[in-house]
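# Analysis of the macromolecular model
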Amino acid sequence: MRCFLSCLAAVLCCFVLGAETIDWSEAPEVQAGVRLVKRETDQPRLQKINLMRIDLRTGGLEFTGSARDPDWGKPMPDWDKAVIRTRRIRTRDFLLNARRPAEEGGQGLNMIVAANSAPWWPWTKPYTHKYAHPAGLGILNGEVICDTRPHKAVFVVYEDGRADIVSSVPESDYRSIRVAASGFAIILRDGEILEGGSYEKEPMPRIAYGLSEDRRYLYIVTVDGRQKGWSLGATGKETAALLKEAGAADAINMDGGGSATLCYWDEKTKTPVTVNRQTESGYQRPVGSNIGIYLK
């Protein structure tokens, strides 16, 4: 524990001093191939930031994501403008369900990281809909979950393990995709910070994914927001700058706001740890789309 705290203090110090890049060798390893740093700053406003780096060359590392609901394609019972694609679930429960043994109704996967991914609808009062229709392109193991075009921004992992961030995916590639999830916008391309769209303009809670130029590392950043005295969020440009600082060359802004959730599995406590805080009460929103990383 003393070593962990020393490493964490060193990383936080680097942030406070305004280092242009993070020394990831000093960051605590929370899982095999997974390192995490935390940042607290009051510039340009009060922010609580979490940055995670996943080494995609870690032995046995695989991706999965939200699957079709058993009632996929049927009309939503509580919203007549869409059909069922997925079932909303909290990201931590997505992780727990994946880890549950198959004989108990789970998947029996050694899932080590889970994060919410694509935006979805419906998002209308009373905001308690059981099912979801994720936006853009969603694929799991070659099976299409949703395909609303234009795609605009997609995080994709192919069957051969390659990960990428692309503006669209040709239909001819669908069968070769392990996981695909759409975001709002690409906010970093070849190291250049991009404008994004209207969703990226105002400070708010954020989650975004980034990839190193050689595609070895996946970076996930969260910024808490809408919590006076705790954290006030980030714009899309600020989020892109954080990922660039972490080592990303390309990045995609995923579904933020109260949906933003990043978890990892703590081997010592045998529980999922949610690294960000959506609300002061600790409430975690069921979301329409998640990705997971597990070890074989």
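The structure under discussion appears in the preceding block.
Attention shifts here to the overall build of the protein chain. The helix and strand inventory of the protein chain stands at three helices and 21 strands. By the compact-globule yardstick of 19 Å for 296 residues, the protein chain fits well, its C-alpha radius of gyration being 18 Å. Dimensions of the protein chain along its principal axes, counting C-alpha atoms only, are 55 × 40 × 40 Å. Buried positions account for 55% of the 296 residues belonging to the protein chain. Intrachain contacts of the protein chain at a sequence separation of at least 6 include 65% that bridge at least 24 residues.

Once that is clear, we can look at the pairing of strand β21 (residues 290-295). Regular strands place side chains that alternate from one sheet face to the opposite one. Burial of β21 is extensive: six of the six residues sit out of reach of the surface. Relative to β21, strand β4 (residues 61-65) runs antiparallel, the two being bridged by five bridges. Residue pairing in the sheet places Phe 63 in a bridge with Ile 293 of β21. Bridge count for strand β6 (residues 110-116) against β21 is six bridges, and the pairing is antiparallel. Bridge pairing in β21 places Val 113 opposite Ile 293.

Now for the nonpolar core. Residues Ile 54, Phe 63, Phe 155, Tyr 209 and Leu 218 are the most contacted members of the largest nonpolar core, which totals 35 residues. With residues near it in sequence (within four places) discarded, Phe 155 still touches Phe 63, Ala 163, Asp 164, Ile 165, Val 179, Ala 180, Ala 181, Tyr 209, Leu 211, Leu 218, Ile 252 and Ile 291. Ranked by size, the runner-up nonpolar core spans 20 residues in total, among them Ile 22, Ala 240, Leu 242 and Ala 246.

A few words now on the sheet that holds strand β10 (residues 143-147). Within the open sheet, the five strands sit side by side as β10-β9-β13-β11-β12. Their pairing is antiparallel. In the strand order of this sheet, the two ends are held by β10 and β12 (163-166), each with one partner. Pairwise comparison of adjacent strand axes, ignoring direction, gives a mean angle of 20° for this sheet. Here strand β11 (residues 154-158) runs beside strand β13 (residues 177-182); their pairing, made up of five bridges, is antiparallel. Looking at the pairing, Tyr 158 lines up with Ile 177 of β13.

In any sheet, the strands associate via hydrogen bonds between backbone groups, in a parallel or an antiparallel arrangement. Spatially, three strands are ordered β5-β8-β7 in an open sheet, and the strand pairing comes out antiparallel. Only two strands of the sheet have a single neighbouring strand rather than two, namely β5 (86-87) and β7 (120-121). Strand direction decides the pairing type here: β5 and strand β8 (residues 131-134), joined by two bridges, are antiparallel. The residue bridging Arg 87 from the neighbouring strand is Tyr 131, located in β8.

Those residues of helix α2 (residues 91-99) lying buried are Thr 91, Phe 94, Leu 95 and Ala 98. Considered in projection along α2, the buried side chains sweep an arc of 100° and stay on one side of the axis. Buried residues in α2 make contact with β4, β6, β19 (262-266), β20 (271-274) and β21.

When you line up the elements, Ala 181 lands in strand β13. Sequence separation between Ala 181 and Thr 261 is 80 residues, and the spatial gap between their C-alpha atoms is 15 Å. Beyond its immediate chain neighbours, meaning those up to four positions away, Ala 181 contacts Ser 117, Leu 137, Ala 153, Val 154, Phe 155, Met 254 and Ile 291.

Scanning all chains against the criterion turns up 19 salt bridges. One salt bridge connects Asp 55 with Arg 216, and the closest N-O pair in it is separated by 2.9 Å. Of this pair, Asp 55 sits in strand β3 (residues 47-55) while Arg 216 sits in the loop between β16 (206-211) and β17 (217-223), placing them 161 residues apart in sequence. Residue Asp 55 is classed as buried on the basis of its relative accessible area, which comes to 13%.

This part takes up the side chain of Ser 212. Among the structural elements, Ser 212 can be located in the loop between β16 and β17. At 3.1 Å, the side chain of Ser 212 and the backbone nitrogen of Arg 216 are in polar contact. Each residue touching Ser 212, except ones within four places of it in the same chain, is listed here: Tyr 217, Tyr 219, Gly 247, Ala 248 and Ala 249.

Turning next to helix α3 (residues 236-246). Taken residue by residue, α3 has Gly 236, Thr 239, Ala 240, Leu 242, Leu 243, Glu 245 and Ala 246 as its buried positions. Positive phi appears at Gly 247, one or two residues downstream of α3, with a value of about 130°.

Rules and cut-offs
- Each chain has its residues counted from 1, following the order in which its sequence is written.
- Residue-level local features of this predicted model are given only where pLDDT is at least 70; pairs of side-chain atoms are given and counted only at 80 or more, and the full residue set underlies all totals for whole chains, interfaces and linings.
- Just so you know, side-chain values use all the structure's heavy atoms and leave hydrogens and water out.
- In this description a helix means any DSSP run of H or I spanning at least four residues, a strand means any run of E spanning at least two, and both kinds are numbered starting from the N terminus.
- For a compact globule the rule gives 2.2 Å times the number of residues to the power 0.38, and the radius of gyration it is set against comes from C-alpha atoms.
- Relative accessible area decides the class of each residue, using a 1.4 Å probe on protein chains only: under 20% of the type maximum gives buried, over 50% gives exposed, and in between gives partly exposed.
- We call two residues contacting when some pair of their heavy atoms lies within 4.5 Å.
- Two strands qualify as a pair provided that DSSP identifies no fewer than 2 bridges between them.
- The nonpolar core is taken to be a set of buried Ala, Val, Leu, Ile, Met, Phe, Trp, Tyr and Cys residues, with the residues joined through side-chain atoms within 4.5 Å.
- Axis angles are defined between N-to-C directions and span 0 to 180 degrees, where every axis is a line fitted to C-alpha atoms and, for a helix, only to the segment in contact.
- The directions from the helix axis to the C-beta atoms are what the arc is built from.
- We define a salt bridge as a contact between a side-chain nitrogen of Lys or Arg and a carboxyl oxygen of Asp or Glu at a distance within 4 Å.
- As used in this structure description, the phrase polar contact means that two N or O atoms lie within 3.5 Å; if the pair is within protein, one of them must be able to donate a hydrogen and the other to accept it, and residues adjacent in sequence are counted only when both atoms belong to side chains.

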